[in-house]
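# What the coordinates show
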Amino acid sequence: MTENQNCSPAPLPLCPPAPLPQVSALGLDIGRKRIGVAGCDRTGLIATGLTTIERKSFTEDLAQFQKLVADREVEILVVGLPYSMDGTLGYQAKQVQKLARSYSKALNLPLEYVDERLTSFQAEELLKAENRSPSRNKNLIDRKAAAIILQQWLDERRKRQSYSLPLEPNHV
């Protein structure tokens with residue numbers, strides 16, 4: 001046996017995972033009085049709070065969404081779904097689904113849901129860490145919660161891609 005026969009073959013170079021297709025998404029934290037809105041950079045890496053819409057009427061709120069969708073070339077809506085702590089869909093979650101489906105249809109955009117349990121709590125904690133009063137910054141909490149919702153979706157999307165699993169959206 002020669003020396004070369006004992007050596008293991010040279011390792012193959014690792015190929016980086018294929019980049020995810022670019023995406024422009026809006027993340028929504030739908031509440032009774034306000035809707036927090038977040039967007040992401042085209043690379044789909046970072047979610048940022050954009051605005052808070054004070055709910056008035058479906059038509060007036062939709063007009064604001066239409067402008068955002070056009071300006072940002074949005075391709076998908078990602079909506080936080082307020083599951084109960086036991087994982088069931090309560091009254092509020094069903095109302096959110098109904099409204100989200102209406103926006104999705106009116107904007108002609110696909111819709112996906114993200115479990116939003118505790119996102120408002122997380123947003124409040126972020127405000128407290130900035131020495132800001134949560135009770136005086138409800139609009140900011142809604143925006144931050146929307147950013148957390150969208151970031152969860154982006155992270156999950158990236159994770160699925162890195163494992164080369166087919167993306168199976170929660171389209172409705």
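Keep in mind that this is a model prediction, so the values were computed, not measured.

## Structural notes on the sheet that holds strand β2 (residues 34-40)
Here we have five strands laid out as an open sheet, ordered β3-β2-β1-β4-β5, and mixed in their pairing. A single partner strand is all that each edge strand has here, and the edge strands are β3 (47-54) and β5 (111-115). Strand-to-strand, the axes of this sheet are offset by a mean angle of 25°, without reference to chain direction. Relative to β2, strand β1 (residues 25-30) runs antiparallel, the two being bridged by five bridges. Looking across to β2, one finds that G27 is bridged to A38. Here helix α3 (residues 91-107) sits on the sheet in contact with β1, β2, β4 (76-81) and β5, set at roughly 175° to β4.

## A look at the packing of aromatic side chains
Inspection of the entire model under this criterion finds two aromatic pairs. Ring geometry for F65 against Y103: centres 4.8 Å apart, planes inclined by 65°, an arrangement best described as edge-to-face. With F65 in helix α2 (residues 58-72) and Y103 in helix α3, this pair connects stretches of sequence that are 38 residues apart. Comparing F65 with Y103 shows no difference in burial state: the two are buried. Aromatic ring contacts, followed pair by pair, group F58, F65 and Y103 into a single cluster.

## Comments concerning the side chain of S24
Structurally, the position occupied by S24 is in the loop between α1 (3-6) and β1. By relative accessible area, which is 2% here, S24 ends up buried. For S24, the contacting residues outside a window of four places in its chain are C40, R42, R72, E73, V74, E75 and I76.

## Regarding the pairing of β4
Counting buried positions along β4 yields six of six residues, so the element is predominantly enclosed. On β4, burial covers both faces: I76, V78 and G80 on one face and L77, V79 and L81 on the other are all buried. By the bridge criterion, four bridges tie β1 to β4 in an arrangement that is parallel. The residue bridging G27 from the neighbouring strand is V78, located in β4. Where β4 and β5 come together, five bridges link them in parallel fashion. For L81, the partnering residue across the bridge sits in β5 and is D115. The handedness of the β4 to β5 crossover, carried by α3, is right-handed.

## Regarding the confidence of the model for the protein chain
When pLDDT is averaged along the protein chain, the result is 82, and 76% of the positions lie at 70 or above. Within the protein chain, α2 carries the highest mean pLDDT (96), whereas α1 carries the lowest (49).

## Thoughts on the packing of α2 against α3
Two quantities define a packed helix pair, namely the angle between the axes and the distance from one axis to the other. Interaxial distance between α2 and α3 falls to 11 Å at its minimum, and their mutual angle equals 55°. Here α2 is positioned oblique relative to α3, judged by the angle of their axes. In this structure, α2 crosses over α3, and the sense of that crossing is right-handed. Contacts from F58, D61, L62, F65, Q66 and V69 of α2 reach α3 at L99, S102, Y103, A106 and L107. When its residues are assigned to classes, the contact of α2 with α3 shows eight nonpolar, two polar and one charged.

Rules used in this analysis
Residues numbered from 1 in each chain as written. Predicted model: local features only at pLDDT ≥ 70, side-chain atom pairs only at ≥ 80, totals over all residues. Heavy atoms only, no water. Pairing = 2+ DSSP bridges. Helix = DSSP H or I, 4+ residues; strand = E, 2+ residues; numbered from the N terminus. Axes fitted to C-alpha atoms, helices over the stretch in contact; angles between N-to-C directions. Contact = heavy atoms within 4.5 Å. Phe/Tyr/Trp six-rings, centres within 6.5 Å; stacked < 30°, edge-to-face > 60°. Buried < 20%, exposed > 50% of the residue type's maximum accessible area, 1.4 Å probe, protein only. Right-handed = clockwise from strand over helix to strand, strands pointing away. pLDDT = per-residue confidence, 0-100. Parallel < 35°, antiparallel > 145°, perpendicular 65-115°, else oblique. Left-handed = near helix turned anticlockwise from the far one by under 90°. Nonpolar A, V, L, I, M, F, W, Y, C, P; charged D, E, K, R; others polar.

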